[in-house]
Amino acid sequence: IDEPEDDGNVLPVAMKMKWVDAVNYCKLRNSVIFAPATRSEVVRAMESAHKFEWDALWTGYSGSLKDYYFYDLERNVLPFWSPLWSPFQPDYNFNWNTNENDGCVGITKFYSGFSDYPCSKKLPFVCKELRTN
């Protein structure tokens, strides 16, 4: 996948999907699920989604309890000490209802920051267009 340029359009998707389905949805539309790397990009994702009701949005970050890191689709690390995390996050809670850990990252509206969720949770998301030269 080509690296999206910083000025790519962000496209909010109001449909709630599991994380992997959101990734595939964006990919089928020549875009990637948006993985904000700065506070201004988090705000940009939130502002693009203001048109619909939401408490959290998927981002392009996921990880596993095995390596204790979250990565975007290009394998860029989202560090635990990033100021983009909401308070007390990431927590890698184990969800007994779904039998899985919080392995995917969303933006919470309340804190305007990242939180980890089970990847099976259905959330809206934002795609970022890929630029072709």
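Scroll up for the structure.
Only a predicted model underlies this, so the values are computations on that prediction, with no experimental measurement involved.

Draft legend 1. Looking closely at the environment of Tyr 111. Its location among the elements puts Tyr 111 in the loop between β7 (100–108) and β8 (113–118). Exposure remark for Tyr 111: the relative accessible area of 43% places this residue in the partly exposed category. Separated by 26 residues in sequence, Tyr 111 and Trp 85 place their C-alpha atoms 8.8 Å apart.

Draft legend 2. Structural view of the nonpolar core. In terms of nonpolar packing, the biggest core is built from 19 residues, with Tyr 61, Leu 78, Val 105 and Phe 114 touching the most fellow members. Of all the elements in the fold, those that place two or more residues in this core are α2 (39–48), β3 (56–64) and β7. Counting residues per element, this core draws most heavily on α2, at 3 residues. Contact partners of Leu 78, with chain neighbours within four places excluded, come to Tyr 61, Phe 70, Trp 85, Val 105 and Phe 114.

Draft legend 3. Layout of α2. Of all the residues in α2, the buried ones are Glu 41, Val 42, Ala 45, Met 46 and Ser 48. Buried residues of α2 fall within an arc of 165° about the axis and therefore sit on the same side. What points out from α2, more than 90 degrees from its buried face, is the exposed set Ser 40 and Glu 47.

Draft legend 4. Summary view of the state of the cysteines. Here the structure, examined in full by the defined rule, presents 2 disulfides. In this model Cys 26 forms its disulfide with Cys 127; the gap between the sulfur atoms is 2.0 Å. With the S-S dihedral at roughly -85°, the linkage between Cys 26 and Cys 127 falls on the left-handed side. With Cys 26 in helix α1 (residues 19–28) and Cys 127 in strand β9 (residues 123–129), the pair connects residues that are 101 residues apart, well separated along the chain. For the pair formed by Cys 26 and Cys 127, the shared burial category is buried. Cys 104 shares a disulfide with Cys 119; S-S distance 1.9 Å. Judged by the torsion about the S-S bond (95°), the Cys 104/Cys 119 disulfide is right-handed. Of the two residues, Cys 104 is situated in strand β7 and Cys 119 in the loop between β8 and β9; the sequence distance between them amounts to 15 residues.

Draft legend 5. Region of interest: a nonpolar patch on the surface. A surface patch of nonpolar side chains, about 430 Å² in accessible area, is lined by Tyr 69, Val 77, Phe 80 and Trp 81. Looking at the secondary structure, you find Trp 81 in the loop between β5 (77–78) and β6 (94–95). Note on Trp 81: relative accessible area 68%, which makes it exposed.

Draft legend 6. Representation of α1 within the structure. Within α1 the residues assigned to the buried category are Trp 19, Ala 22, Val 23, Tyr 25 and Cys 26. One face of α1 carries all of its buried residues, which in axial projection span an arc of 160°. Among the exposed residues of α1, those oriented more than 90 degrees off its buried face are Lys 27 and Leu 28.

Draft legend 7. Molecular detail of the pairing of β9. β9 sits mainly inside the fold: 6 of its 7 residues count as buried. Sheet topology note: the strand β1 (residues 10–17)/β9 ladder contains 5 bridges and is antiparallel. For Met 17, the partnering residue across the bridge sits in β9 and is Leu 123. Pairing of strand β2 (residues 31–33) with β9, which is carried by 3 bridges, proceeds in the antiparallel orientation.

Criteria and cut-off values
Residues numbered from 1 in each chain as written. Predicted model: local features only at pLDDT ≥ 70, side-chain atom pairs only at ≥ 80, totals over all residues. Heavy atoms only, no water. Helix = DSSP H or I, 4+ residues; strand = E, 2+ residues; numbered from the N terminus. Buried < 20%, exposed > 50% of the residue type's maximum accessible area, 1.4 Å probe, protein only. Core = buried A, V, L, I, M, F, W, Y, C linked by side-chain atoms within 4.5 Å. Contact = heavy atoms within 4.5 Å. Arc of directions from axis to C-beta. Disulfide = S-S within 2.5 Å. Patch = residues over 30% accessible without salt bridge, like charges linked within 9 Å, V, L, I, M, F, W, Y side chains within 5 Å. Areas by Shrake-Rupley, 256 points an atom, 1.4 Å probe, with all protein chains shown as cover. Salt bridge = Lys/Arg side-chain N within 4 Å of Asp/Glu carboxyl O. Pairing = 2+ DSSP bridges.

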